[in-house]
Amino acid sequence: MKYIYSRDMIKLWEEFLETFKSCILLDKEKGYIYVRNFLWYSDSKLPEDKQPVLENIITKYLPREDKENIMRTIAQKYRDEGIQIGQEKGIQIGQEKGIQIGQEKGIQIGQEKGIQIGQEKGKIEIAKAMLLKGYPMEDIVLLTGLSSSHIQDLVMEKASN
């Protein structure tokens, strides 16, 4: 098999099927394990334009029902490989898209949280300034939206400084 690219695979298959007829009959009893594997390997190395020629050679040397069974199995193998490749590619694309969406959502949440914290700090600064000017507690609660207990904490903080 290491010379697969340097040899004429079509000719090799024809020689193989002609020379090893008795071995192929033994392999048939095992479900064409070796013929199928040899075909899978060599078929993937053949250019697409030579694959019909290979199919004709197999048709020539194997009984029709066996040929159809082997070809159907190979076609299923290609479908399975295609599905696997498609799933892997789909997972990769999904992960990339998920990361992108996650980053966008994280930025949005961070901005919203930052705005919220900034607004809260602004209210506290306004409340402190109002306390320094001697505004009544009810006015500070009304104008800043802070709770009276929060403003009481600011009063206690001011007193301890």
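Note that the structure is predicted; figures quoted are calculated from it, not measured.

**Side note on the packing of helix α6 (residues 137-144) against helix α7 (residues 148-160)**
Between α6 and α7, the shortest axis-to-axis distance is 10 Å and the interhelical angle comes to 120°. Classified by the angle their axes make, α6 and α7 are oblique. Crossing of α6 against α7: the hand is right-handed. Each of Met-137, Ile-140, Val-141 and Thr-144 in α6 lies in contact with α7, whose residues at this interface are Ser-148, Ile-151 and Gln-152. Its residues placed into classes, the contact of α6 with α7 shows four nonpolar, three polar and no charged.

**Points about the confidence of the model for the chain**
In the predicted model, the chain carries a mean pLDDT of 81, and the fraction of residues at 70 or more is 73%. Within the chain, α6 carries the highest mean pLDDT (94), whereas helix α3 (residues 33-45) carries the lowest (68).

**Thoughts on a nonpolar patch on the surface**
A cluster of nonpolar side chains, contributed by Tyr-135, Leu-142 and Leu-143, occupies part of the molecular surface with about 360 Å² of accessible area. Among the structural elements, Leu-143 can be located in helix α6. Owing to a relative accessible area of 59%, Leu-143 belongs among the exposed residues under this scheme.

**Looking at the pattern of salt bridges**
Tallied over the entire structure, the rule returns two salt bridges. The shortest N-O distance in the salt bridge between Glu-15 and Lys-11 comes to 4.0 Å. One end of the pair is Glu-15 and the other is Lys-11, both in helix α1 (residues 9-19) and four residues apart, which spans about a single turn.

**Some words on the environment of Ser-160**
Mapped onto the elements of the fold, Ser-160 is located in helix α7. The exposure class of Ser-160 is exposed, given its relative accessible area of 60%. Engagement of the side chain of Ser-160 in a polar contact is seen with the backbone oxygen of Glu-157, the distance being 2.9 Å.

**Thoughts on the packing of α1 against helix α4 (residues 51-61)**
For any two helices packed against each other, the geometry is given by the interaxial angle and the distance between the axes. Where α1 meets α4, the axes come as close as 10 Å, and the angle between the chain directions of the two elements is 10°. Between α1 and α4, the angle falls in the class roughly parallel. Seen from α1, the contacting residues are Ile-10, Trp-13, Glu-14, Leu-17 and Glu-18; seen from α4, they are Val-53, Leu-54, Ile-57, Ile-58, Lys-60 and Tyr-61.

**Thoughts on α1**
Every buried residue belonging to α1 is among Met-9, Ile-10, Leu-12, Trp-13 and Leu-17, and all of these are buried. Around the axis of α1, the buried residues are gathered within 160° of arc, so they sit on the same side. Exposed residues lying more than 90 degrees from the buried face of α1 are Lys-11 and Thr-19.

**Looking at the nonpolar core**
Met-9, Ile-10, Leu-12, Trp-13, Leu-17, Ile-24, Phe-38, Leu-39, Leu-54, Ile-57, Ile-58 and Leu-62 together form the largest nonpolar core, which totals 12 residues. For this core, the secondary structure elements donating two or more residues are α1, α3 and α4. Considering every element that reaches this core, the biggest residue donor is α1, with five residues. Counting eight residues, the second-largest nonpolar core is a separate cluster that includes Ala-127, Met-130, Ile-140 and Leu-146.

**A short note on the side chain of Thr-144**
Tracing the chain through its elements places Thr-144 in helix α6. Only 2.6 Å separates the side chain of Thr-144 from the backbone oxygen of Ile-140, close enough to count as a polar contact. Of note is the side chain of Thr-144, whose polar atom sits 3.2 Å from the backbone nitrogen of Leu-146. If we skip the residues at most four places from it in the chain, Thr-144 touches Lys-123, Ile-126, Ala-127, Met-130 and Ile-151.

Here is what the cut-offs are and how they apply
- Residues numbered from 1 in each chain as written.
- Predicted model: local features only at pLDDT ≥ 70, side-chain atom pairs only at ≥ 80, totals over all residues.
- Heavy atoms only, no water.
- Axes fitted to C-alpha atoms, helices over the stretch in contact; angles between N-to-C directions.
- Helix = DSSP H or I, 4+ residues; strand = E, 2+ residues; numbered from the N terminus.
- Parallel < 35°, antiparallel > 145°, perpendicular 65-115°, else oblique.
- Left-handed = near helix turned anticlockwise from the far one by under 90°.
- Contact = heavy atoms within 4.5 Å.
- Nonpolar A, V, L, I, M, F, W, Y, C, P; charged D, E, K, R; others polar.
- pLDDT = per-residue confidence, 0-100.
- Patch = residues over 30% accessible without salt bridge, like charges linked within 9 Å, V, L, I, M, F, W, Y side chains within 5 Å.
- Areas by Shrake-Rupley, 256 points an atom, 1.4 Å probe, with all protein chains shown as cover.
- Salt bridge = Lys/Arg side-chain N within 4 Å of Asp/Glu carboxyl O.
- Buried < 20%, exposed > 50% of the residue type's maximum accessible area, 1.4 Å probe, protein only.
- Polar contact = N/O pair within 3.5 Å; in protein donor to acceptor, adjacent residues only side chain to side chain.
- Arc of directions from axis to C-beta.
- Core = buried A, V, L, I, M, F, W, Y, C linked by side-chain atoms within 4.5 Å.

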